[in-house]
Amino acid sequence: MSTSVEAKEPTPVSESNREPRRRWAPSVTTVGLPVLSVIAFLVLWQVAAASGTWSETFVPFPSTVWHAFVNTMTTHDGVRGYQGYLLWEHLYMTLRRVLVGVIIGVGLGVILGLAMGSVSWLRSLLEPWLTFLRALPPLAYFFLLVIWLGIDEAPKITLLALAALPPAAVATTAAVVAAPVGLVEAARALGASRAQVIRDVVVPSALPETFTGIRLSVGMAYSSVVAAELFNGIPGIGGMVKDASNYNNTPVVLVGIFAIGFSGLIIDGLLRAAERRAVPWRGKV
C-alpha cells in the first residue's frame, strides 16, 4: 500500500495578524522610550546624590524633592503649600500670565507678520526693530518695565507679550514671503482681489510656519516667566522659585522647575494637536 504525503504549505500570515504588530510598534517607541529615559534619569540622579560628591544643597535626593512636592501640594504643620499657596495655585497664576501674554504677543506678531510679508517697504522698516527686540534678554528691559508700569501684573504681562511677539512675527513674515508665486498669480488671473489672495492663498500656505512661530513664542514666554515674576511674583511658579533660591531651598526650586517643564510639555502637545487639525496637509504636499 502506498501512501502519499502531501507537503503542507506554511500558513500565510494574514493582514489581521500583522495589524496589531504595526499598531504596537509605534506605541512602544513613542511611550516606552520616554519612560525608559525618565527611569534612567532618576537612577543617575539617585547615584549622583548618593555618591557624596556634592552636598545635598546642590544635589538633593529624589525622595527629598518628592517630599517637597508633597509639602507644596498640601497643608502640613499648619503651613499651606509654599508661602500660603498650593503648588497648583502657583502654577495657575503663572499659566494665566503666560496665556494672556502669549495671546497679546502672538496676536500682534501674526498681524504684524502678515503686514510685513505683504508690504516690502514695511518689512524693511520694521525688521531691524524686531531683530533688536528678539536679541534682548528679558531681564535687560524688565526693570525698565517695572519703573514704567509698577510691580503689579502689567509689567509681567508686557514682558511675556514682548517675548512672544518676535518669533510669531518673524515666522509669519517668512511664511508669507514664501507663499507659492504660481498660486498667487493664478488667483490674480482669475480675478481675485488683493484681500482674497491673502485670505485664500497666502494665509493657508503660511499656516504651517505660523504654527511653528506660535510654538516658539510659547517657549520664549515660558523661558521668560521666572524673570517676569521676579517682583511680586507670589503666587506664581517663578516667584516660588525665586523665593526658594533666596534660602538655598533646592528641592522647592526643582519642584518649580519640573512644574514649568511638565506643563510646558503638555501645552506644546496641545499646540501640536491643534496644528494637526488646522493644517492637516502639512508634510503631504
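Within any chain, residue numbers begin from 1 and follow the written order of that chain's sequence. Residues qualify for local features only when their pLDDT is at least 70, as the model is predicted, and side-chain atom pairs are given and counted only at 80 or more; totals for whole chains, interfaces and linings, by contrast, use all residues. The side-chain quantities take in all heavy atoms of the structure and omit both hydrogens and water.

J.: Got a sec to walk through the overall build of the chain? Specific residues and values, please.
T.: Tallying secondary structure elements over the chain gives 11 helices and two strands in all. Element order for the chain, N to C, with α for helix and β for strand: α-α-β-β-α-α-α-α-α-α-α-α-α. Throughout this description, buried means an accessible area under 20% of the type-specific maximum (1.4 Å probe, protein chains only), exposed means over 50%, and partly exposed covers the range between. Out of the 285 residues belonging to the chain, those deemed buried represent 34%. Only heavy atoms enter the contact rule, under which two residues are in contact if any of them lie within 4.5 Å. For the chain, restricting intrachain contacts to residue pairs at least 6 apart in sequence, the fraction spanning at least 24 positions comes to 68%. We count a stretch as a helix when DSSP gives it H or I for four or more residues in a row; a strand needs E for two or more, and each element gets its number in order from the N terminus.

J.: Which residues make up empty space enclosed by the protein, and what values go with them?
T.: To find the voids left in a structure, one rolls a probe of water-molecule size over its atoms. A pocket, in this scheme, is an open set of points on a 1 Å grid over the protein atoms alone with protein on both sides within 12 Å along at least 5 of 7 lines, while a cavity is a set where a 1.4 Å probe fits but cannot get out; residues line either one if an atom lies within 4 Å of a point. Grid points are joined across faces, edges and corners, and a volume is the space filled by probe spheres set on the points. Evaluation of the coordinates by the stated rule reveals one cavity of 30 Å³ or more. Its boundaries defined by the atoms lining it, the largest cavity holds a volume of some 60 Å³. In terms of residues, the lining of the largest cavity owes the most to one element, helix α6 (residues 153–177), which gives four residues. Gly is put with the polar residues, along with every residue not named as nonpolar or charged; the nonpolar set is Ala, Val, Leu, Ile, Met, Phe, Trp, Tyr, Cys and Pro, and the charged set is Asp, Glu, Lys and Arg. Considered class by class, the residues forming the lining of the largest cavity number nine nonpolar, no polar and one charged.

J.: Please set out the nonpolar core residue by residue, giving values where relevant.
T.: We call a set of buried residues a nonpolar core when its members are Ala, Val, Leu, Ile, Met, Phe, Trp, Tyr or Cys and they connect through side-chain atoms within 4.5 Å of each other. In terms of nonpolar packing, the biggest core is built from 37 residues, with Val98, Val102, Leu159, Leu160, Ile237, Met240 and Val252 touching the most fellow members. The element best represented in this core is helix α11 (residues 250–278), accounting for seven residues. In contact with Leu160, other than residues within four places in its own chain, are Arg97, Val98, Gly101, Ala221, Ser224, Val225 and Ala228.

J.: Let's hear about the side chain of His90: which residues, and what values?
T.: Structurally, His90 can be placed in helix α3 (residues 87–118). Within the structure, the side chain of His90 is placed 3.0 Å from the backbone nitrogen of Gly236, a separation counted as a polar contact. Look past the residues within four positions of His90 in its chain and what remains in contact with it is Tyr82, Tyr85, Ile234, Pro235, Gly236, Ile237 and Met240. Identification of polar contacts relies on pairs of N or O atoms within 3.5 Å, with a donor-acceptor requirement for protein atoms, meaning one able to donate a hydrogen and the other able to accept it, and with residues adjacent in sequence counted only if both atoms are side-chain atoms.

J.: I'd like a rundown of the environment of Gly81, residues and numbers included.
T.: Looking at where Gly81 falls in the secondary structure, it is placed in the loop between β2 (79–80) and α3. The spacing of Gly81 and Val70 is 11 residues in sequence and 8.6 Å in space, taken between C-alpha atoms. Aside from chain neighbours lying at most four places away, what touches Gly81 is Asn71, Thr72, Thr74, Thr75, His76 and Leu86.

J.: Let's hear about unusual backbone geometry: which residues, and what values?
T.: At the junction of Ile234 and Pro235, the peptide bond is cis and its omega measures out at 5° in the coordinates. Its place among the elements puts Pro235 in the loop between α9 (225–228) and α10 (237–246). The backbone of Asn232 shows a phi angle near 50°, a positive value even though the residue is not glycine. Looking at the element boundaries, Asn232 is found in the loop between α9 and α10. You can call Asn232 partly exposed: its relative accessible area is 44%. One non-glycine residue with positive phi stands out, namely Asn248, at about 55°. Looking at the element boundaries, Asn248 is found in the loop between α10 and α11. Taking the relative accessible area as the measure of exposure, Asn248 reaches 57% and is therefore exposed.

J.: I'd like a description of the layout of surface pockets, backed by residues and values.
T.: Each pocket or cavity is described by its volume, and for the largest pocket that value is around 400 Å³. In this structure, the largest pocket is lined by 13 residues; those nearest its centre are Leu42, Trp45, Val65, Phe258 and Phe262. Elements with a contribution of two residues or more to the lining of the largest pocket: α1 (15–50), α2 (62–73) and α11. When grouped by side-chain class, the residues that make up the lining of the largest pocket number 13 nonpolar, no polar and no charged.

J.: With reference to specific residues and values, describe the environment of Glu275.
T.: Its place among the elements puts Glu275 in helix α11. Residue class for Glu275 comes out buried when judged on its relative accessible area of 9%. Residues Glu275 and Phe211, 64 residues apart in the sequence, show an inter-C-alpha distance of 6.5 Å.

J.: With reference to specific residues and values, describe the packing of aromatic side chains.
T.: For any pair of aromatic rings, the description rests on two quantities: the centre-to-centre distance and the angle between the ring planes. Here a Phe, Tyr or Trp ring, Trp counted by its six-membered ring, pairs with any other such ring whose centre lies within 6.5 Å, and the pair is stacked when the planes are under 30 degrees apart, edge-to-face when over 60, and tilted otherwise. The full count for this structure, using the stated rule, is eight aromatic pairs. Where Phe142 meets Phe231, the ring centres are 6.0 Å apart and the plane angle is 25°; that geometry is what we call stacked. With Phe142 in helix α5 (residues 138–149) and Phe231 in the loop between α9 and α10, this pair connects stretches of sequence that are 89 residues apart.

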